Each structure stands twice: as C-alpha cells, then as structure tokens.
Amino acid sequence: MDHFLYRDGALFAEDVPVAEIAAQVGTPFYCYSTATLTRHFQLFDDALEGMDHLVCYAMKAASNQAILKTLADLGAGMDVVSGGEYARAKAAGVPGDRIVFSGVGKTRAEMRLALEGGIRQFNVESEPEMVALSEVAVALGTTAPITVRVNPDVDAKTHAKIATGKSENKFGIPISRAREVYAEAAALPGLEVIGIDVHIGSQLTELEPFRLAYEKVAELTEVLRADGHDIRRLDLGGGLGIPYTRSNEAPPLPTEYGQLIRETLGHLGCEIEIEPGRLVAGNAGILVSKVIYVKSGEGRDFLILDAAMNDLIRPAMYEAHHDIVPLKEPAPGTEQAPFDVVGPVCESGDTFAKGRMLPPLAEGDLVAFRSAGAYGAVMSSEYNTRPLIPEVLVHGHQFAVIRERPTFDEIINRDTIPEWL
Ligand SMILES: *Cc1c(COP(=O)(O)O)cnc(C)c1O
C-alpha cells in the first residue's frame, strides 16, 4: 500500500499532483511519500509490539537526510554500513545508542568514528575484524559492544546478487564455528559480547528461509548461553520483500514476520532488533521521467526516456522489474502495445524493460517507475556526466526538494587539474 494513486485522471503523490512537481523541478527526479515511509516503519514497529525491540532502518536503501529525519523522529534506529552512513545518521539527529554498524569490511577509521561518536553495537563479521575492533577500542580506552554475524547457510530463495546467508556468500562467520569465534571474542580486551546477528538476504518473498535461520539462531542462543556468554540481544537483519508488480506477488506482511519472530525467538527473553530497508522505502518512492522520443525499430518500438541506468540501475543490475505508469491515467479500455523502455546512456544494458505493454505515449509525456524508493537514488551515478537527479519529499499538500540537481559547473569543478597541465 502506498500513497501514489490516480485522482481524476492524474497521478498524485499524497495530495500533490506529480505533474506539478515535474513542472517545477524538471525531470527526471525521485519523489518520496512521507505517509508511506511512516506507515511502513510503523508496520514493523507494531509487528514487534510487546517484545523489547528496536527497528533499525537499513539506511543504505535510501539515505537522504530528510528521509532519515522523518524516520528518526518516529523513533527509528539506523543500521549503517559505512563511516559515511554513520555520519549521515548522526547528522539526521539519530543518537549513537540507536545506531548499529554492519558490514563485512569496516575499517579501523570507521570503527574509531563510531566508538567516539557513540554506537549501539557493531555486528562483527570475521575474526580479523574482531581483532581490529578490539585494538581500536583498547587504544581509545573504551569497550565496543558486539554481536557476531553468523551465516546460517540457508537459501533465501532470492536473486543471487542479494542472497547473503549461504555458505558461499562473503557474509558472517559459518554458524558451525560460532562457539569457537564467540570464545575468542570473549577473550579479547575491549569487546563486550552482547548478542547474535543474522541477515540472510534481500527481497525475500517467503517466510520459510527466515524461519530456518531464526530457529538456528534460537538454538545457538541456548548453546552460547550455556558456554557462559550473556546473549541478550538478537539482530535479525532485514530482507522482507515488497511487491514490485501490482498483480501476482504477495510477499509476507510485517505482521506475519513479527509473528514468526515471536514464535521462533520470543521464549528467549532477548531484545529484538530488525533492520528493514527495502520494505520501508521501496514503495515510498517513484522515479518520474519524460519521454524524449518514441522510435520505431525493426519489429519493436522503443520508448526513449530522459531517465537512464545511472539514475536507476536495478533493472540492469538485477533484472529487476519496475511497473511503469503514465502520469495521465489512461481511459478505461485504452489499447496497450509493447515497448522496449530505454534510457539515453550508451550501453545496451540501459534498458528498463523489454516488450512492456503500455498505453500510447508520445514525446513529452511523463511516466513514473513505481517501487523505486529503495536502492534507487542511493545507487545512482553520474555516468555519461548525467547530473544526479533531484529528490523530492511530499508531505500531505506540501513538497520540498530534498536534494538539488547539480549544475554542470558543479560537477566539472569537483575535478582538479594537476599543476603540470
Ligand atoms: C542490506 C541490509 C539490510 C536491509 O535489507 P533490505 O532487504 O533492504 O530490508 C539489513 N541488514 C544488513 C546487514 C544489510 O546488509
């Protein structure tokens, strides 16, 4: 459920006609809905009601300061995976004790930054990282609270590029070695073992892989406690999928996910942390673009848009599907025809969709890619020296540009010419 709906034949973002934003901001741009972001965060928070818990938004999904502040004001914690994200979370007003640091390659500089600024916990992913964190904490005269990310070796049944919980993936330590690694952690100075972390992948459309992973975590909790570790917090990662097509997908709801957590882990009396990213931001954002040309090819017609793979890379990178809808609602019964929807970048991979059935569209018409709020703007680049596109946040009748489109000069002036030239 989101707040991008047709009203009187025009696509609205909450109470604002999207075409009105386009007229002011120019295309292409990302547009987010505050009500949708809020609703999705709240669904998770409600799903864990009655359990001691913290929902830490995985901000890599969409990390604009205005989005972070919207969620932080609701009480969200943040899951960060870099020093830059840590700085963003702090800048949005998130206190250190609500920031969790994940990621497979944290540097010592990043560890220092977080230890000095305050941190809820580090989710440690390897023994060398554990040793490094111990050294950094000791040098700073402090103690780093840690969980160890375990790899439960379950199949998340999602796209190979976003599966993280199989033994062949680079993430975490094999769950079979957990006792050994926890013993090492407990013996290192400057570390305090407080819990267990697991994250098996993204865009999961079934609960079963979560169940398998969480059952293993429950078992491990008992084993580690028997070994003398004070396991009191379980970080269960993110990964719940969203429907990218209106019709045929129905991923589990946060309530069902919450129920599963209660069933598999509720008896342990641990504080529960979850790290949803995609489900909070995915359907809270659209990418708005204009048709530059409609070009007839041999046996196929191309819709050439002003958005490209550098603005939204998911189709090129993960063969991802995004529904594409015109901003002007087609009259009922309008005939559709197949189009290859492409951007202007000089790569054949710059194709959003092949043979997509769409109503008639002409030069200058506006379209929206749905479900583009997560892993959209954050993955964009300036390839082909196409400026990063603006982000807009809608709130009821209001909207604001939350990231400006840079000018060509701003882009060019980031480069410097060495003195010998
Ligand atoms: C990416 C990531 C998440 C968020 O995953 P979603 O599928 O967006 O919910 C959570 N935790 C970790 C450690 C991640 O790497």
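Residues numbered from 1 in each chain as written. Predicted model: local features only at pLDDT ≥ 70, side-chain atom pairs only at ≥ 80, totals over all residues. Heavy atoms only, no water.

Caption draft 1: Structural view of the sheet that holds strand β2 (residues 10-13). Reading across from one edge, β1-β2-β3 is the order of the three strands in this open sheet, with antiparallel pairing throughout. A strand with exactly one partner marks an edge of an open sheet, and here the two such strands are β1 (4-7) and β3 (16-17). (Pairing = 2+ DSSP bridges. Helix = DSSP H or I, 4+ residues; strand = E, 2+ residues; numbered from the N terminus.)

Caption draft 2: Geometry of the packing of aromatic side chains. By the definition in use, this model includes seven aromatic pairs. Centre to centre, the rings of Phe44 and Tyr257 are 6.3 Å apart; their planes meet at 90 degrees, and the pair counts as edge-to-face. Remark: Tyr257 occurs in helix α9 (residues 254-265) and Phe44 occurs in helix α2 (residues 34-47); sequence separation between them is 213 residues. Under the relative-accessibility criterion, Phe44 is labelled buried at 1%. For Tyr257, a relative accessible area of 2% gives the class buried. When the ring of Tyr214 is compared with that of Tyr257, the centres are 6.3 Å apart and the planes differ by 55 degrees; the resulting orientation is tilted. (Phe/Tyr/Trp six-rings, centres within 6.5 Å; stacked < 30°, edge-to-face > 60°. Buried < 20%, exposed > 50% of the residue type's maximum accessible area, 1.4 Å probe, protein only.)

Caption draft 3: Focus on the pairing of strand β8 (residues 121-124). On β8, burial covers both faces: Gln121 and Asn123 on one face and Phe122 and Val124 on the other are all buried. Inspection of the sheet shows strand β7 (residues 99-101) paired to β8 by two bridges, in the parallel sense. Paired with Phe101 across the strands is Phe122, a residue of β8. Read from β7 through helix α5 (residues 108-117) to β8, the crossover connection turns out right-handed. Relative to strand β9 (residues 144-151), β8 runs parallel, the two sharing three bridges. Paired with Asn123 across the bridge in β9 is Thr147. (Right-handed = clockwise from strand over helix to strand, strands pointing away.)

Caption draft 4: Examining the site of the ligand more closely. Around the ligand sit 15 residues in total, of which Lys60, Ser202, Glu275, Arg278 and Tyr375 are the nearest. Between the ligand and Asp79 there is a distance of 3.4 Å, counted from a nitrogen atom to a side-chain nitrogen or oxygen. Taking Gly239, its main chain carries an N or O atom lying 2.8 Å from an oxygen atom of the ligand. Its free accessible area being 390 Å², the ligand has 93% of it covered by the protein chains. A breakdown of the residues in the shell around the ligand according to their chemical character gives three nonpolar, seven polar and five charged. (Near = heavy atom within 4 Å. Polar contact = N/O pair within 3.5 Å; in protein donor to acceptor, adjacent residues only side chain to side chain. Areas by Shrake-Rupley, 256 points an atom, 1.4 Å probe, with all protein chains shown as cover. Nonpolar A, V, L, I, M, F, W, Y, C, P; charged D, E, K, R; others polar.)

Caption draft 5: Broad picture of α5. Those residues of α5 that fall on the buried side of the exposure criterion are Glu110, Met111, Ala114 and Leu115. Burial along α5 is one-sided: seen end-on, the buried residues are contained in an arc of 130 degrees. Next to the buried residues of α5 lie α4 (83-91), β7, β8, α6 (127-139) and β9. Among the residues trailing α5, Gly118 stands out with phi positive, at a value near 100 degrees. (Arc of directions from axis to C-beta. Contact = heavy atoms within 4.5 Å.)

Caption draft 6: A look at the packing of helix α7 (residues 178-187) against helix α8 (residues 208-226). Taken N-terminus to C-terminus, the directions of α7 and α8 make an angle of 45 degrees; their axes are 11 Å apart at the nearest point. By the angle class used here, α7 and α8 are oblique. Regarding α7 and α8, the two cross each other, and that crossing is right-handed. Contacts between α7 and α8 involve Ala178, Arg179 and Tyr182 from the former and Leu220, Val223 and Leu224 from the latter. Class assignment of the residues belonging to the contact of α7 with α8 gives a composition of five nonpolar, no polar and one charged. (Axes fitted to C-alpha atoms, helices over the stretch in contact; angles between N-to-C directions. Parallel < 35°, antiparallel > 145°, perpendicular 65-115°, else oblique. Left-handed = near helix turned anticlockwise from the far one by under 90°.)

These figures come from the coordinates and say nothing about function on their own.
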